[in-house]
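# Working through the structure, step by step
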Amino acid sequence: MRPGKILLLVFGSLAVLLSIALLGGGGFLLWAHTTQRDDEGFYTSGVTRFSSTAYAITSEKLQILDVPDWLFEGGRLGTLRIRGSSTDPAKPVFVGVAGQLDADRYLAGVEHDEVITFDVAYSGPHELTVEYRRVPGTAAPAPPAAQ
């Protein structure tokens with residue numbers, strides 16, 4: 001064989017392998033998009049239970065590094081939905097998302113638990129391990145509707 005034909009065969013084979021990988025990835029995304037969403041169009045995870053005797057549960061600051069700002073403008077990647085419920089119907093639950101400074105200001109002097117570690121075991125049933133740090137306080141939080 002001539003060197004030109006060998007190069008064409010090598011590059012053609014690489015193009016076919018790349019095409020198969022892209023088709024497989026696209027097929028997986030199409031399957032997930034059509035079968036893994038609920039009636040409202042959200043991808044959902046299993047139920048995760050958090051528990052505390054304090055007024056609130058917070059998490060440490062969430063920060064996504066090395067991602068361009070334009071990628072997250074106006075729900076470009078999607079919309080996040082968080083739902084919560086109480087195990088006791090007589091005790092209502094408020095679920096909120098706030099900036100770090102706003103949350104710290106709202107919970108100043110209020111006893112609450114902060115999630116330090118959050119780990120899901122993927123071998124077998126999805127078991128959740130959560131470690132909390134108690135933040136002491138003596139005040140009750142203001143009603144969230146007033147904020």
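Structure's up top.
All of these numbers come straight from a predicted model, not from anything done at the bench. (Residues numbered from 1 in each chain as written. Predicted model: local features only at pLDDT ≥ 70, side-chain atom pairs only at ≥ 80, totals over all residues. Heavy atoms only, no water.)

Each helix and strand counted, the protein has 2 helices and 3 strands in total. Out of the 147 residues belonging to the protein, those deemed buried represent 7%. If you take every contact in the protein between residues at least 6 apart in sequence, the share linking residues at least 24 apart comes to 57%. Element-wise, carbon and sulfur atoms account for 60% of the exposed surface of the protein, whose accessible area totals about 12700 Å². (Helix = DSSP H or I, 4+ residues; strand = E, 2+ residues; numbered from the N terminus. Buried < 20%, exposed > 50% of the residue type's maximum accessible area, 1.4 Å probe, protein only. Contact = heavy atoms within 4.5 Å. Areas by Shrake-Rupley, 256 points an atom, 1.4 Å probe, with all protein chains shown as cover.)

Another aspect to go through is the environment of leucine 80. Within the fold, leucine 80 resides in the loop between β1 (56–59) and α2 (100–106). C-alpha of leucine 80 to C-alpha of tyrosine 43: the two residues are 37 residues apart in sequence and 9.3 Å apart in space.

Once that is clear, we can look at the packing of aromatic side chains. In total, this model carries 1 aromatic pair according to the counting rule given. Note on phenylalanine 28 and tryptophan 31: the rings are 5.7 Å apart at their centroids and 35° apart in plane angle, and the pair reads as tilted. Note that phenylalanine 28 and tryptophan 31 are positioned in helix α1 (residues 3–35) at a spacing of 3 residues, about one turn of the helix. For phenylalanine 28, a relative accessible area of 51% corresponds to the exposed category. (Phe/Tyr/Trp six-rings, centres within 6.5 Å; stacked < 30°, edge-to-face > 60°.)

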